[in-house]
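# Breakdown of the fold
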Amino acid sequence: MLLNNSAKNNLFKLWAFGCSLKLAIALASAATLLIMGGSLVMHYNPAIFAGLEQETMGRWLPQAMSRAPLLVAWLPLSGLCVLLFAINTLCCLLDWLSRFRARWRKSGEYLIHAGFILLTIAYLWGNISGFRSGPHRLAPGDRMSIPEMPGYQLELEEFTPQLEPSGRPLDMVNKVALWKNDRRVVQKIVRINHPLIYDGLVILPASFGQELRGFRFHMPGIGFVDLTPGSRLSVSSGLSLVVDNFLPDAGQDRQGRVIPAGSRLNNPALQLSLFGPTGTIWQGWYVLRRPLPEGLVNAGIYLKPVEPVLTPFSLLTINRDPGDKTALAGGVCITVGVLFAFFSFYRKRATGDRPEI
Amino acid sequence: MSKTLLYLLFAIYLMASSGYLLHTVWRRSSIASVSLILVFAGVILQTALLGFRWWTAGYLPVTNLFATLFFFSWALALIYLYFELRYRIRATGLFVMLLNLVLLGGALPRDPAVSALIPALDTPLFSLHIIFSFVGYAFFAMAFSIGVLYLCQSRRNTQLLPDLQTLRKINEEAIFLGFGLFTLCLVAGSIWAHVAWGHWFSWNIKSIWSVLVWMFYAGMCHAKFIRRWQGDVYAWLSIAGFGIVLFTYLGIGLLLESNHPLE
Ligand code: HEM
């Protein structure tokens, strides 16, 4: 259907409005002022904005809006301004493209414009359909499913914290593997500034700690042994000692039964079973601060506690940003654009080529 | 780096600034030439000191306030030389070199020792991020100085300063180059954030204000096309822009707390 003149005129006006540099300045100024004020609101209300780094904007914003709409409203408002500004930039870019033959020398500037549009799309995409999760606690050998990505599992194969002689943490060397439908798809050493990036997933170390796993003992005739849950020790002919449980801080309930009292090392206790050729000989708790249980003494087992057994665990962050490649493309466009524009700036100046509004 | 050399550097720039001051009073071009030679000498010494610090540390040492002020001052002196050689702006040097003295003077009482680099900063992306950022800031500082001088010139119309047209040209150029370099700083920073935190934009106050600086100067790259803004308005905007830069660089660290890796 052919458009009549006034409709054409209106469309033309709309397009001119979309390409208007004054509109761009108005939108950019509005976004700038909103974000300036908002950043201070954010700074003085850490309780509300604390989770913003741990989650994508798409997940964080709806909850935050329901909790503190007045304090958070600047975010969607400035987001809207930036979005309109990006649409405005797109119009300018399309307008330029339509006159490419005459204006190809300005490719640098317009690559910068294109890069900004790509970055806006990438941010929206990544924050609407991506996720951030963790930190996840994994000990060497542990494997966890990534719930947001069905079929994917993350395994920590080895972990070595690197410390300065003073004990200050330096780096966290994680050998990790990513499994997809029970097939290992990638394996990598992940450490600070060296994440595993695969299919939009970014896996990186967040922190680490040490887990109390059991206790080291000295046994006459045997030497040092580490007793941790699951370990089995052959003691003498036919006798074996199995560790059923370990508590770093054992308490007692009213009936005198041993119960966990805390996770810090205070009153360590091991639940042990002693098996003979015919079956269980003794079973019970050995609270390390108390004398060795009679069941063990009678079997001729002497355990001298030496030190706790600690194993390091790693805290890993798993993020997914499906827009990361688009963002990278935006970054490349902008970089190339800037380098180009450095030349065209002087050329434009020499030829007096400059739009005046 | 020995403090004596730092004081020597400060003295050289101080003499250059005094020379420019005398030039504005006596209007002798020979004095301005001596000042320019002094700036040259200062830049050479400062480049050597920076190179030495880089060489001994094994990385570009820009991880604390002393080091960033020192680098900022070096970049500003270098950029001043560029504009001076290109446009012969002479008396303009007084204001730029005074600003440089403030930066260097801020660094002097601080400890110049270089500390071991923490692994989080041990990446070339960090060096690129910092170099582009401070060279960009230095261009913005230059634009600020030119903006102030533009306002003086538009009121006093003195022979000492370049004409308004030239000042406007220099201002636009400084803003454009500063914007381009600051853009590269943000690209390097975003890639770094992606590998360090797993997301390329972080909602911490320093990152937010860096984006604001970028938006502001992107706006200024366009504001010059608006005829009505080409004179005083543009000069005032250059001054306001530098205010945003200063708040981003110093204000956040001094007045607020940030979890940006360089705080
Ligand atoms: C964040 C968004 C934007 C960025 C980073 C940006 C960046 C730039 C840069 C660096 C220049 C070169 C300036 C110069 O040569 O001195 C430029 C030029 C220009 N921009 Fe933008 N811009 C953006 C948005 C826009 C928008 C929304 C419009 C249109 C409404 C627009 C229209 C123009 C025009 C017309 C030019 C002049 C090109 C010429 O020399 O003919 N820009 N832009």
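Here the structure is a predicted model, which means the values were calculated and not measured.

Moving on to the layout of surface pockets. Here the second largest pocket defines a volume of roughly 1,400 Å³. Secondary-structure elements contributing two or more residues to the lining of the second largest pocket are α2 (21–44), α6 (74–97), α8 (107–129) and α10 (324–351) of chain A together with α6 (164–197) and α7 (205–223) of chain B. No other element matches α7 of chain B, which puts nine residues into the lining of the second largest pocket. A breakdown of the residues in the lining of the second largest pocket according to their chemical character gives 27 nonpolar, ten polar and twelve charged.

In the vicinity of the ligand, 24 residues are found, and the nearest of them are C92, H113 and K348 of chain A together with H222 and K224 of chain B. Chains contributing residues to the immediate surroundings of the ligand are chains A and B. At a separation of 2.8 Å, an oxygen atom of the ligand approaches a polar side-chain atom of K106 of chain A. One of the side-chain nitrogen or oxygen atoms of H113 of chain A is found 2.5 Å away from a nitrogen atom of the ligand. In this structure the site holding the ligand corresponds to the second largest pocket. Sorting the residues of the shell around the ligand by element identifies α2, α6, α8 and α10 of chain A together with α6 and α7 of chain B as the ones contributing at least two each. Considering each element in turn, the shell around the ligand owes the most residues, five residues, to α8 of chain A.

Turning next to the sheet that holds strand β4 (residues 169–180) of chain A. Strand-to-strand pairing in sheets goes through backbone hydrogen bonds, with the strands running parallel or antiparallel. Residues and elements named next belong to chain A. Spatially, four strands are ordered β2-β3-β4-β5 in an open sheet, and the strand pairing comes out antiparallel. Of all the strands in the sheet, the pair left with one neighbour each is β2 (143–145) and β5 (183–190). Strand-to-strand, the axes of this sheet are offset by a mean angle of 25°, without reference to chain direction. Of the strand pairs in this sheet, β2 and strand β3 (residues 152–163) are connected by three bridges, and their pairing is antiparallel. Across the sheet, residue R143 finds its bridge partner in β3, namely E155.

A few words on helix α4 (residues 57–67) of chain A. All names here are of chain A. Residues M57, W60, L61 and A64 constitute the buried set of α4. Buried residues in α4, looked at end-on, bunch into an arc of 100°, giving them a common side. The elements touched by buried residues of α4 are α3 (46–49), α5 (69–72), α6 and α8.

All names here are of chain A. Taken across its eight residues, strand β13 (residues 269–276) has six buried, putting it largely inside the fold. When strand β10 (residues 240–247) meets β13, the two strands line up antiparallel, connected through seven bridges. Counted as the bridge partner of N245 is Q271 from β13. The sheet contact formed by β13 and strand β14 (residues 279–287) spans eight bridges and is antiparallel. Paired with G276 across the strands is G279, a residue of β14. Hairpin geometry of β13 and β14 is characterised by an intervening segment of two residues between the two adjacent antiparallel strands.

Turning next to empty space enclosed by the protein. Residues and elements named next belong to chain A. Evaluated as defined, the whole model comprises one cavity of 30 Å³ or more. Put simply, the parts of the chain that give the lining of the largest cavity at least two residues each are α8, β1 (131–138) and β15 (304–320). Looking at which element gives the most residues to the lining of the largest cavity, the answer is α8, with three residues.

The rules behind these values
- Residues numbered from 1 in each chain as written.
- Chains lettered and ligands numbered in written order.
- Predicted model: local features only at pLDDT ≥ 70, side-chain atom pairs only at ≥ 80, totals over all residues.
- Heavy atoms only, no water.
- 1 Å grid on protein atoms, 1.4 Å probe; cavity = no way out; pocket = protein on both sides within 12 Å on 5 of 7 lines; lining within 4 Å.
- Points joined across faces, edges and corners; volume = space filled by probe spheres on them.
- Helix = DSSP H or I, 4+ residues; strand = E, 2+ residues; numbered from the N terminus.
- Nonpolar A, V, L, I, M, F, W, Y, C, P; charged D, E, K, R; others polar.
- Near = heavy atom within 4 Å.
- Polar contact = N/O pair within 3.5 Å; in protein donor to acceptor, adjacent residues only side chain to side chain.
- Sits in = over half its atoms within 2 Å of the grid points.
- Pairing = 2+ DSSP bridges.
- Axes fitted to C-alpha atoms, helices over the stretch in contact; angles between N-to-C directions.
- Buried < 20%, exposed > 50% of the residue type's maximum accessible area, 1.4 Å probe, protein only.
- Arc of directions from axis to C-beta.
- Contact = heavy atoms within 4.5 Å.

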